[in-house]
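Residues per chain, in single letters:
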Amino acid sequence: MSAALLKVGAVLSTMIMVTNWMSQTLPGLVGLDPHIARPGTSEKIISVSYPGEDEGWQVYGSVQGKCVCSIMTPAHSVCGGDPRHTRLQLISDQLLNVSQHMEILSQRTTQDLQRLRDSETLLQTLERRLNTAHEETHRLSSTSLQVWVMDGYFKGRRLVEYQSLGDFATGQNFIVHHLPHPWAGTGHVVYNGSLYYNKHHSNVVVRYDLASGGVLQQRPLAQAGFNNTFPYSWGGSSDIDLMADEMGLWAVYSSIGRGGNMLLSRLDPDSLEVLHSWDTGFSKRSAGESFLICGSLYVTNSHLAGAKVHFTFHTASASYEYTDIAFHNQYSHISMLDYNPRVRALYTWNNGHQVLYDITLLHFIRTRHANSTD
């Protein structure tokens with residue numbers, strides 16, 4: 001049992017003890033006898049044993065779980081010399097103090113109970129999300145997901161489509177697509193049945209339809225650098241990095257007009273027009289790689305061992321922050337890094353190895369207490 005629950009139990013037990021003492025022990029201390037409550041009330045009346053109500057005391061004690069009482073005594077001139085009057089007055093003062101303390105404890109107990117309920121709700125929410133993450137991890141390892149592979153970063157035209165991760169690992173059950181234009185870099189992405197890639201020696205983005213085997217659209221990305229003008233730190237003609245997340249299709253690039261800063265643009269997946277752009281303020285040549293999750297761009301500070309997720313840009317608020325999140329770089333040279341929103345995993349090409357990183361998305365829930373002022 002938690003300390004908070006023990007505290008609640010102790011307070012409730014104390015309140016019961018005080019109530020019993022008021023109704024049973026207090027009359028004996030002052031020489032009074034208990035009688036039945038007045039009609040229509042929940043009070044327990046304690047009256048005197050002397051003849052005549054005008055010469056005695058009456059003590060009213062609540063039986064509703066709160067230590068609240070009122071005491072009526074005769075005037076001092078009538079029985080001021082009676083030692084029991086002084087004793088009763090002292091006890092009444094003590095009861096008043098106890099009543100006030102019990103009221104405070106009752107309020108604190110109510111607050112503690114509410115906090116316990118809030119904590120229980122948060123724990124249940126976290127447990128559900130952890131279970132969901134576990135189920136998605138299992139699904140990622142067991143489901144049949146198509147895998148597309150483009151070998152190399154320079155002048156390639158061959159796209160290999162595998163039916164599952166297992167087929168990719170064994171080199172079986174694949175389809176080869178011969179692209180009409182060669183590519184540049186490794187920042188290509190398959191999105192809604194089309195391959196989007198950067199045409200070699202240009203800033204043109206090509207949309208290739210996997211079903212028909214034809215080009216549906218191609219459009220230059222205005223002022224974007226190419227041919228190793230603004231690549232990631234590892235080079236490899238990685239000037240233009242196309243990616244997709246839960247919100248759509250994006251491009252990360254830079255231009256001379258922006259001084260080499262990383263630009264993030266959201267693209268129309270059909271026309272390839274730029275819908276909106278953000279200047280992140282981070283040098284693209286200083287970035288090892290980057291990936292996008294839910295409209296936020298995460299940038300590593302290196303492509304080598306010891307890399308960290310060093311910078312984050314949030315498109316929702318057009319704000320950025322510097323971070324210090326270790327990124328395990330097992331094979332010491334990352335040349336491709338992308339997020340797959342379908343399975344919530346990062347796909348990387350790491351020195352000849354295909355490496356997957358499972359991602360668990362957690363949301364911070366802030367609770368507001370009754371005594372909070374912000």
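Description of the structure in this document.

Reading the values: rules and limits
- Residues numbered from 1 in each chain as written.
- Predicted model: local features only at pLDDT ≥ 70, side-chain atom pairs only at ≥ 80, totals over all residues.
- Heavy atoms only, no water.
- Helix = DSSP H or I, 4+ residues; strand = E, 2+ residues; numbered from the N terminus.
- Buried < 20%, exposed > 50% of the residue type's maximum accessible area, 1.4 Å probe, protein only.
- Contact = heavy atoms within 4.5 Å.
- Areas by Shrake-Rupley, 256 points an atom, 1.4 Å probe, with all protein chains shown as cover.
- Pairing = 2+ DSSP bridges.
- Axes fitted to C-alpha atoms, helices over the stretch in contact; angles between N-to-C directions.
- Salt bridge = Lys/Arg side-chain N within 4 Å of Asp/Glu carboxyl O.
- Phe/Tyr/Trp six-rings, centres within 6.5 Å; stacked < 30°, edge-to-face > 60°.
- Lys NZ or Arg CZ within 6 Å of the ring centre and 35° of its normal.
- Polar contact = N/O pair within 3.5 Å; in protein donor to acceptor, adjacent residues only side chain to side chain.

**A word on the overall build of the protein chain**
- Looking only at helices and strands, the protein chain has four helices and 22 strands in total.
- Taking all 374 residues of the protein chain together, the buried fraction comes to 40%.
- Here the analysis covers contacts within the protein chain between residues at least 6 apart in sequence; of these, 42% occur between residues at least 24 apart.
- Looking at the protein chain as shown, the accessible area adds up to about 20,500 Å², and 53% of this sits on carbon and sulfur atoms.

**Details of unusual backbone geometry**
- Although it is not a glycine, Lys155 sits at a positive phi angle of roughly 65°.
- In this structure, Lys155 sits in the loop between β5 (147–150) and β6 (158–162).
- Classification of Lys155 by relative accessible area gives partly exposed; the value is 49%.
- Despite not being glycine, Gln223 shows a phi value in the positive range, around 65°.
- Among the secondary structure elements, Gln223 is positioned in the loop between β11 (214–220) and β12 (241–245).
- A relative accessible area of 65% means that Gln223 is categorised as exposed.

**A few points about the sheet that holds strand β20 (residues 334–340)**
- An order of β20-β21-β22 is seen for the three strands of this open sheet, with the pairing classed as antiparallel. A strand with exactly one partner marks an edge of an open sheet, and here the two such strands are β20 and β22 (353–358). Adjacent strand axes in the sheet meet at a mean angle of 20°, parallel and antiparallel pairs treated alike.
- Taken together, the six bridges between strand β21 (residues 345–350) and β22 define a ladder with antiparallel strand orientation. Looking at the pairing, Trp349 lines up with Gln354 of β22.

**So, the pairing of strand β15 (residues 274–283)**
- The sheet contact formed by strand β14 (residues 261–267) and β15 spans six bridges and is antiparallel. Across the sheet, the residue bridging to Leu264 is Trp278, located in β15.
- What sits between β14 and β15 in their antiparallel hairpin is a turn of six residues, with Leu272 showing a positive phi close to 65°.

**So, the pattern of salt bridges**
- Within this structure, the stated rule accounts for four salt bridges.
- We note a salt bridge from Arg115 to Asp112, for which the minimum N-O separation is 4.0 Å. Of the two residues, Arg115 and Asp112 both sit in helix α3 (residues 83–142), three residues apart, roughly one turn of that helix.
- A salt bridge links Arg258 to Asp279, with the nearest nitrogen and oxygen atoms 3.6 Å apart. Of this pair, Arg258 sits in the loop between β13 (248–253) and β14 while Asp279 sits in strand β15, placing them 21 residues apart in sequence.

**A short note on the packing of aromatic side chains**
- Enumeration over the complete set of coordinates arrives at 11 aromatic pairs.
- The interplanar angle of 55° and the centroid separation of 6.4 Å between the aromatic rings of Tyr191 and Tyr196 together place this pair among those described as tilted. This pair shows no difference in class: Tyr191 is buried, exactly as Tyr196 is.
- Linked through ring pairs, Phe282, Phe311, Tyr320 and Tyr322 together constitute an aromatic cluster.
- For the cation-ring pair, Lys284 lies above Tyr232, with the distance from its terminal atom to the ring centre recorded as 3.8 Å.

**A closer look at the side chain of Thr186**
- With respect to the helices and strands, Thr186 occurs in the loop between β7 (174–178) and β8 (189–191).
- Look at Thr186 and you get buried, because its relative accessible area is 16%.
- Engagement of the side chain of Thr186 in a polar contact is seen with the backbone oxygen of Ser335, the distance being 2.7 Å.
- With residues near it in sequence (within four places) discarded, Thr186 still touches Gly152, Tyr153, Trp234, Glu289, Ser335 and Met336.

**A closer look at the sheet that holds strand β18 (residues 308–314)**
- Here we have four strands laid out as an open sheet, ordered β16-β17-β18-β19, and antiparallel in their pairing. Strands with a single pairing partner mark the edges of an open sheet, and in this sheet they are β16 (290–293) and β19 (319–326). In this sheet, adjacent strand axes meet at a mean angle of 25° when their direction is disregarded.
- The pairing of β18 with β19 spans six bridges and is classified as antiparallel. From the neighbouring strand, Val309 faces β19, where its bridge partner is Ile325.

**Considerations on the side chain of Ser237**
- Along the chain, Ser237 turns up in the loop between β11 and β12.
- Once you skip the residues sitting within four places of it in the chain, Ser237 turns out to touch Tyr153, Phe154, Ala184, Gly185 and Asn228.

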